[in-house]
Amino acid sequence: MAGVGGAGGSANGEAWKAHGALALVQLMNGGYHVITKVALNVGINQIVFCVFRDLIALSILAPLAYIREKRVRPPMTRNFLMSFFFLGLTGIFGNQLLFLFGLSYTNPTYAAAIQPSIPVFTFLLAASMGTETVNLFRIEGQMKVAGTLVCVLGAILMVVFKGPAVVGYKESDLALHSEISVKGQPEPVGWFVARFMEFGLEQWHLGVLCLIGNCMCMATFLAIQAPVLKKYPASLSLTAYSYFFGALFMITAALFITDNATDWSLTKSELLAVIYAGIVASALNYGLITWSNKILGPALVALYSPLQPAASAFLSRLFLGSPIFLGSVLGGFLIIAGLYSVTWASYREKQVALGITRTTSEPFIHVEPSHVKSPLHRGHIFSKGFD
C-alpha cells in the first residue's frame with residue numbers, strides 16, 4: 001500500500017507540473033506573438049523565418065536529447081521512424097506552413113477565429129483512436145464534451161466580441177499591435193493555386209482551407225504523439241526527431257519558394273525574434289507539450305491552446321499598452337471553466353477505474369491506473385450501457 005501511495009503521489013506531482021507547464025507554454029506563446037507584432041512588421045520572409053526558427057530549435061533539442069536520454073531512449077525501428085516522419089510533417093511543417101499561407105490569403109482575425117477548433121479536432125481524433133474515452137451515459141463523459149465546447153466558445157467570444165475596455169483606454173496604434181504583416185510572405189507554387197481556382201475558389205477560400213488544415217495538423221500531431229509516447233517514452237528525443245523531419249521539409253520548401261538571396265538576411269529585430277521563436281516558442285514549448293502529452297493526454301493538452309489569446313492580450317497590455325476588453329475577460333473565464341470541467345471529468349474517470357468513489361477537491365490531478373482496466377480504456381469512442 002505504501003508503494004501504491006508513493007507512486008500515486010509521484011503521479012499527482014507530475015500531473016500538477018504538466019498543467020503548470022501547459023499554462024506556461026501559452027504564456028510564452030503569447031510573448032512570441034507580442035514580439036512578432038513588433039519585430040516582424042518590417043517584412044521578413046516568413047518561410048525563411050520558420051527555417052531559422054526550426055534549425056535553432058533542432059540545434060538545442062538534438063544534443064540535449066542525446067545526453068539526457070541515453071539510457072531511456074528505445075532503439076530506432078522502422079515504425080518509430082515513420083511516426084517521427086508524420087509528427088514532423090504535421091506538427092512542425094504542415095502546422096507552420098499552412099498557417100502562413102492561410103494568414104497571407106485572409107487576415108489575423110480569421111486566423112484567430114479558426115484556432116479554437118484545435119481542441120475539437122484533437123478530441124475527435126483522440127476519441128476515434130481510443131486515446132481519449134467518452135461515455136455519454138456518465139456525468140464524466142458529458143462534462144468532457146461540455147467543457148470542450150465551453151472552452152472553444154470562450155476562445156471564439158474573445159475573437160468576435162470586443163466590448164468596452166476594462167483595463168486601459170488608449171486606442172491608438174491598436175491596429176499595428178493586433179496584426180502581423182505578411183508582406184514578406186511568398187506566394188505558394190503557382191500551379192497549386194491555379195488548380196484550386198479552376199474549382200471556382202477564391203484566394204480567401206483557399207486561405208480558410210489552409211487555416212483549417214493548420215488546425216487539423218496540430219490536432220493530428222497531438223493525437224498521433226500520445227500512443228507513440230507509450231512505446232517511446234523518451235519525450236525529448238521524440239521532439240528532436242519531429243523537428244529534424246519538420247526542419248528538413250521546411251528547408252526543402254524554402255529552397256523552392258524563395259528566389260532572392262536577400263530573403264535570407266535578417267535585421268537585428270528580426271534576429272531577436274528568430275532567437276526567441278527558436279529557443280522559447282519552438283524548443284522549450286514543444287518539449288513541454290510533448291512531455292505533458294505523455295502525462296495528461298492529447299485532448300487536455302489541446303484545451304490549453306485557447307488560453308493563448310488571453311496570454312497575448314495580457315502581455316500586450318503589459319508591454320505594448322494595449323487595452324484589455326470585456327470580451328477578453330469573459331472569454332478567459334469561459335476557457336478556465338471549460339478546462340476545469342474537462343480535468344475534473346478526466347480525474348473522476350480515473351478514480352472510478354481505480355474503484356475510488358470518494359469526493360475529492362483535486363480535479364486537476366490526473367492519475368493513470370496501472371492495474372485496473374475498465375471498459376473506458378478499451379478504445380471505444382462511446383461506451384454502451386450504464387455503470
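This part covers the overall build of the protein chain. The number of helices and strands found in the protein chain is 14 helices and two strands. Taken across its 387 residues, the protein chain has 50% of its residues classed as buried. Split by element, the accessible area of the protein chain, about 18,500 Å² in all, is 68% carbon and sulfur.

Moving on to the environment of threonine 131. You can see threonine 131 is positioned in the loop between helix 5 (117-129) and helix 6 (139-160). In the structure, threonine 131 is positioned 93 residues away from isoleucine 224 in sequence and 9.2 Å away in space, judged by C-alpha atoms. Setting aside chain neighbours within four positions, we find threonine 131 in contact with Ala126, Ala223, Ala226, Pro227 and Pro298.

Our focus in this paragraph is the side chain of threonine 122. With respect to the element layout, threonine 122 can be found in helix 5. Within the structure, the side chain of threonine 122 is placed 2.7 Å from the backbone oxygen of isoleucine 118, a separation counted as a polar contact. Other than its neighbours up to four places away in sequence, threonine 122 contacts Ala219, Leu222, Pro298, Ala299 and Ala302.

Before going further, it helps to spend a moment on the packing of helix 2 (residues 46-68) against helix 11 (residues 268-296). The contact between helix 2 and helix 11 brings their axes to 8 Å, and the two run at 55°. Relative to helix 11, the element helix 2 lies oblique. The chirality of how helix 2 crosses helix 11 is right-handed. For the pair formed by helix 2 and helix 11, the contact residues are Phe49, Phe52, Arg53, Ile56, Ala57, Ile60 and Leu61 on the first element and Ala273, Val274, Ile275, Ala277, Gly278, Ile279, Ala281, Ser282 and Ala283 on the second.

What follows concerns the packing of aromatic side chains. Per the counting criterion, the structure on display carries 12 aromatic pairs. Measuring from ring centre to ring centre gives 5.8 Å for phenylalanine 85 and phenylalanine 245, while their planes differ by 75°; the resulting arrangement is edge-to-face. With phenylalanine 85 in helix 3 (residues 78-105) and phenylalanine 245 in helix 10 (residues 235-257), this residue pair connects regions lying 160 residues apart in the sequence. Feature note: the residues Phe85, Phe86, Phe93, Phe244, Phe245 and Phe249 constitute an aromatic cluster, connected by ring pairs.

This paragraph deals with the environment of tryptophan 264. Here tryptophan 264 lies in the loop between helix 10 and helix 11. Tryptophan 264 sits in the partly exposed class, given a relative accessible area of 30%. Apart from the residues lying within four places of it in its own chain, the contact partners of tryptophan 264 are Val48, Val51, Phe52, Ala254 and Thr258.

It is worth spelling out the confidence of the model for the protein chain at this point. Mean pLDDT over the protein chain works out to 76, with 73% of the residues at or above the 70 mark. Here residues 1-5 is a poorly scored stretch, pLDDT under 50, and it has zero contacts once near neighbours within four places are set aside; other chains count. Note on residues 358-387: pLDDT under 50 across the span, and 62 contacts to partners over four residues away in sequence or across chains.

Turning our eyes to something else, we now look at the environment of glycine 88. Tracing the sequence through the fold places glycine 88 in helix 3. Between the C-alpha atoms of glycine 88 and phenylalanine 244, which are 156 residues apart in sequence, the distance is 7.2 Å. Not counting chain neighbours up to four residues away, the residues in contact with glycine 88 comprise Phe93, Ser242, Phe245, Gly246 and Phe249.

Here the focus is the packing of helix 2 against helix 10. Packed helix pairs are characterised by how far apart their axes lie and by the angle those axes make with each other. The contact between helix 2 and helix 10 brings their axes to 8 Å, and the two run at 155°. Classified by the angle their axes make, helix 2 and helix 10 are roughly antiparallel. Classified by chirality, the crossing of helix 10 by helix 2 is left-handed. Across the interface between the two elements, Ile47, Cys50, Val51, Asp54, Leu55, Ala57, Leu58, Leu61, Ala62, Leu64, Ala65 and Arg68 of helix 2 pack against Leu236, Ser237, Thr239, Ala240, Tyr243, Phe244, Gly246, Ala247, Met250, Ile251 and Ala254 of helix 10.

Per the counting criterion, the structure on display carries one salt bridge. Residue glutamate 140 pairs with arginine 138 through a salt bridge whose shortest N-O separation is 3.0 Å. The class of glutamate 140 is buried, set by a relative accessible area of 3%.

A few words now on helix 2. Spanning 23 residues, helix 2 covers 32 Å between terminal C-alpha atoms, matching the ideal 33 Å at 1.5 Å per step. Taken together, the buried positions of helix 2 are occupied by Gln46, Ile47, Val48, Phe49, Cys50, Val51, Arg53, Asp54, Ala57, Leu58, Leu61 and Ala65.

Counting across every chain of the model gives zero disulfides. Here cysteine 217 is not disulfide-linked; the sulfur of cysteine 215 is the nearest cysteine sulfur, at 9.4 Å.

There is a patch of nonpolar side chains on the surface, built from Ile60, Leu64, Leu271, Leu272, Ile275 and Ile279 and spanning about 480 Å² of accessible area. Among the secondary structure elements, those contributing two or more residues to the nonpolar patch are helix 2 and helix 11. With four residues, helix 11 is the largest single contributor of residues to the nonpolar patch. Inspection of the secondary structure assignment puts isoleucine 275 in helix 11.

Quick notes on the rules
- Residues numbered from 1 in each chain as written.
- Predicted model: local features only at pLDDT ≥ 70, side-chain atom pairs only at ≥ 80, totals over all residues.
- Heavy atoms only, no water.
- Helix = DSSP H or I, 4+ residues; strand = E, 2+ residues; numbered from the N terminus.
- Buried < 20%, exposed > 50% of the residue type's maximum accessible area, 1.4 Å probe, protein only.
- Areas by Shrake-Rupley, 256 points an atom, 1.4 Å probe, with all protein chains shown as cover.
- Contact = heavy atoms within 4.5 Å.
- Polar contact = N/O pair within 3.5 Å; in protein donor to acceptor, adjacent residues only side chain to side chain.
- Axes fitted to C-alpha atoms, helices over the stretch in contact; angles between N-to-C directions.
- Parallel < 35°, antiparallel > 145°, perpendicular 65-115°, else oblique.
- Left-handed = near helix turned anticlockwise from the far one by under 90°.
- Phe/Tyr/Trp six-rings, centres within 6.5 Å; stacked < 30°, edge-to-face > 60°.
- pLDDT = per-residue confidence, 0-100.
- Salt bridge = Lys/Arg side-chain N within 4 Å of Asp/Glu carboxyl O.
- Expected span 1.5 Å × (residues − 1).
- Disulfide = S-S within 2.5 Å.
- Patch = residues over 30% accessible without salt bridge, like charges linked within 9 Å, V, L, I, M, F, W, Y side chains within 5 Å.

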